[in-house]
Amino acid sequence: MSTALRGLSQCFLPDRSDARRRSREIDAMLKRDRQIPVVILMAGFNKSGKTTFFKQMRLINGAEYNQREVLEFREAIYDNIMKGMRVLVEERNKLGIPLQNSANERHEMLCSSHDWCMKLEPCTFQPYVEAIDSLWKDSGIQEAHRRRSNFKFYESVKYFCDNIHRIGQLNYLPCNQDILYAHTVGQQYCVLRDTPFMVAEFQSWRRHLFKTVSCLSSAVFFFIIGCSDYDQTDFEDNYLVGTLNTFECFCKNGFFRNCPFILFFNKMDLLAEKVQTADIQKHFPEFQGDPHRLEDVQEFLVQSFEKRKWDDSRQIFYHMTTAVDTENFQKMFESVKDTIMGLILKNISLL
Ligand SMILES: Nc1nc2c(ncn2[C@@H]2O[C@H](COP(=O)(O)OP(=O)(O)O)[C@@H](O)[C@H]2O)c(=O)[nH]1
Ligand SMILES: [Mg+2]
């Protein structure tokens, strides 16, 4: 029996004879759930952190990435850096921000001339390292980066550019932290070891999942919100408005009526940084707190989602998270596991 479940079963068990009976029931449930796992469906807007959640769950369950996967991440990291720098160069030009150092013009040309069909490897990435380092230090590029909420941009580019000397080495292999920051596309799916959880990033293979889920005992919905992107305007709707609309659609959908929802207000590290200077009221005039107080902004976000849950009787659990911070994630996930197990036990006691 998993530690989380054992802990929970103890809380639920009043005396010894009852305890033995319930313990047998739980064992039976686990046996059944080994064949029919609890499905954690992860949904959310683009770049909210779903894949990062998935990677963390995999890593904290001891499933390290193998050599082939690490090399794929290295390629993705080179690609993230090149694409990120190309966007900053283009936006700097569009915004008419001058370069601080005119010698960087040739570095911009070099980055823009990159052949996007070419898969980068350490030796082919080498020629760009100095250019990226020099551009990243240029106040013109930094100013474009400061205005990034106006265009599509992945926040992890900053992390990679700050680490460009390490990443630019010929023997570079990404560490777990680099892997967490890498942006990759595609859905993920795995069964977590030592738990009855199957985790699935929920996108285009929805139909397949619907079929699977409908024959499973339990599904839990993780809805992930990229909080720091509340001012992002490169989508059709404002990012937060779009996220709220998507959330409401899921809540309204009869398919998920009995499915517990856990909301993750993610990217707390970036939100904490943002509130120091940005004013959320500019985008959401209904905000009434202190825009530079993190707790006020968090409360506003929670209330905005609560108002959209459609059914007042629906209980929504929520957590503030920083998915790239393993320690933070691990603690949070332990408590989430307990919540999930509690919900499952509750369902069983209703059977
Ligand atoms: N700083 C920071 N970056 C994050 C956090 N969560 C995700 N990211 C980064 O945001 C980018 C998009 O995340 P990803 O998991 O790919 O989003 P998805 O599109 O929802 O799957 C990646 O580069 C992640 O490393 C977070 O809590 N803090
Ligand atoms: Mg993803």
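Since this is a predicted model, take the numbers as computed values, not measurements.

Each helix and strand counted, the protein chain has 15 helices and 6 strands in total. Evaluated residue by residue, the protein chain yields a buried proportion of 51% over its 351 residues. Intrachain contacts of the protein chain at a sequence separation of at least 6 include 75% that bridge at least 24 residues. Carbon and sulfur atoms make up 49% of the accessible area of the protein chain, which totals about 17,600 Å².

Right, let's get into the site of ligand 1. In the vicinity of ligand 1 lie 20 residues, with Lys47, Lys50, Thr51, Thr52 and Leu180 positioned nearest. Within the side chain of Thr52, an N or O atom sits 2.5 Å from an oxygen atom of ligand 1. Within the side chain of His183, one N or O atom sits 3.0 Å away from an oxygen atom of ligand 1. Coverage of ligand 1 by the protein amounts to 97% of the 580 Å² it exposes when considered alone. Listing elements by their share of the shell around ligand 1, those giving two or more residues are α3 (50-60), α10 (176-181) and α13 (268-275). Taken together, the residues of the shell around ligand 1 sort by class into 6 nonpolar, 9 polar and 5 charged. Residue assignment places the shell around ligand 1 across two domains, with domain 2 (36-63 + 192-344) and domain 3 (67-181) each supplying three or more.

Here we come to the pattern of salt bridges. Enumeration over the complete set of coordinates arrives at 19 salt bridges. Glu69 serves as the salt-bridge partner of Arg58, at 3.2 Å between the closest nitrogen and oxygen. Here Glu69 lies in helix α4 (residues 67-95) and Arg58 lies in helix α3, a separation of 11 residues in the sequence. Residues Glu155 and Arg148 are paired through a salt bridge, measuring 3.1 Å at the closest nitrogen-oxygen approach. Residue Arg148 is classed as buried on the basis of its relative accessible area of 19%. Residues joined by salt bridges that share partners form a network here, namely Lys47, Asp229 and Lys267.

A separate point is α13. Of the positions making up α13, those classed as buried are Met268, Leu271, Lys274 and Val275. Seen from one end, α13 has its buried residues packed into an arc of 120°, which puts them on one side. Contact partners of the buried residues in α13: β5 (261-266), α14 (294-306) and β6 (316-320).

Turning our eyes to something else, we now look at unusual backbone geometry. Of note, the phi angle at Lys47 is positive, near 60°, even though the residue is not glycine. Unlike most non-glycine residues, Trp310 shows phi in positive territory, near 75°. If you trace the backbone, Trp310 turns up in the loop between α14 and β6.

What follows deals with the confidence of the model for the protein chain. Chain-level statistics for the protein chain give a pLDDT mean of 83 and a share of 79% at 70 or above. Within the model, the stretch residues 1-15 combines pLDDT values under 50 with 25 contacts to residues more than four positions away or in other chains.

What follows is about the layout of surface pockets. Approximately 720 Å³ is the volume found for the largest pocket. Lining the largest pocket are 30 residues, and of these Ala76, Asp79, Asn80, His183 and Thr184 lie nearest its centre. At the level of secondary structure, the elements contributing two or more residues to the lining of the largest pocket comprise α3 and α4. Among the elements that line the lining of the largest pocket, the one with the most residues is α4, at 11 residues. Taken together, domain 2 (36-63 + 192-344) and domain 3 (67-181) each give at least three residues to the lining of the largest pocket, which thus spans both.

Okay, the packing of aromatic side chains next. For the structure shown, the criterion picks out 22 aromatic pairs. Look at Phe53 and Phe264: their rings are 4.9 Å apart centre to centre, the planes differ by 70°, and that puts the pair in the edge-to-face class. In this pair, Phe53 sits in helix α3 while Phe264 sits in strand β5, placing the two residues 211 residues apart along the sequence. The class of Phe53 is buried, set by a relative accessible area of 0%. Since its relative accessible area comes to 0%, Phe264 is described here as buried. Through pairs of rings, three or more aromatic residues link up here, namely Phe221, Phe223, Phe247, Phe250, Phe261, Phe265, Phe305 and Tyr318. If you follow Lys47 out to its NZ or CZ, it ends over the ring of Tyr154, 5.6 Å from the centre. Taking NZ or CZ as reference, Arg314 lies 4.2 Å from the ring centre of Phe261, over its face.

Rules used in this analysis
For every chain, the first residue of its written sequence is number 1, and the numbers climb from 1 along that sequence. Naming scheme: in the order in which they are written, chains are lettered from A and ligands are numbered from 1. In keeping with the predicted nature of the model, local features appear solely for residues at pLDDT of at least 70, side-chain atom pairs appear and are counted solely at 80 or more, and the whole-chain, interface and lining totals rest on all residues. Note that the side-chain values use all heavy atoms of the structure and ignore hydrogens as well as water. In this description a helix means any DSSP run of H or I spanning at least four residues, a strand means any run of E spanning at least two, and both kinds are numbered starting from the N terminus. Each residue is assigned to one of three classes by its accessible area relative to the maximum for its type, calculated with a 1.4 Å probe on protein chains only: buried under 20%, partly exposed between the two thresholds, exposed over 50%. The contact rule is simple, with two residues in contact once any of their heavy atoms fall within 4.5 Å. Residue burial considers only the protein chains on display, and all accessible areas are found by Shrake-Rupley using a 1.4 Å probe. What makes a residue near a molecule or strand is one non-hydrogen atom of that residue sitting within 4 Å of it. What qualifies as a polar contact is a pair of N or O atoms within 3.5 Å, subject to a donor-acceptor requirement within protein and to the restriction that residues adjacent in sequence count only when both atoms come from side chains. When residues are sorted by character, Ala, Val, Leu, Ile, Met, Phe, Trp, Tyr, Cys and Pro go into the nonpolar class, Asp, Glu, Lys and Arg into the charged class, and all the rest, Gly among them, into the polar class. The domain boundaries here were taken from an automatic or database domain assignment. Salt bridges are defined as contacts in which a side-chain nitrogen from Lys or Arg sits within 4 Å of a carboxyl oxygen from Asp or Glu. Picture the helix axis, draw a direction to every C-beta atom, and the arc is the one those directions span. Every residue carries a pLDDT, the predictor's confidence in it, which falls somewhere between 0 and 100. For each structure, a 1 Å grid was placed over the protein atoms alone; sets of points admitting a 1.4 Å probe that cannot get out are labelled cavities, open sets with protein on both sides within 12 Å along at least five of seven lines are labelled pockets, and lining residues have an atom within 4 Å of a point. Grid points are joined across faces, edges and corners, and a volume is the space filled by probe spheres set on the points. Any pair of Phe, Tyr and Trp rings, taking the six-membered ring for Trp, is counted once the centres come within 6.5 Å. Such a pair is stacked with planes under 30 degrees apart, edge-to-face with planes over 60 apart, and tilted for the rest. We call a charge positioned over a ring when the NZ of a Lys or the CZ of an Arg lies within 6 Å of the ring centre and within 35 degrees of the ring normal.

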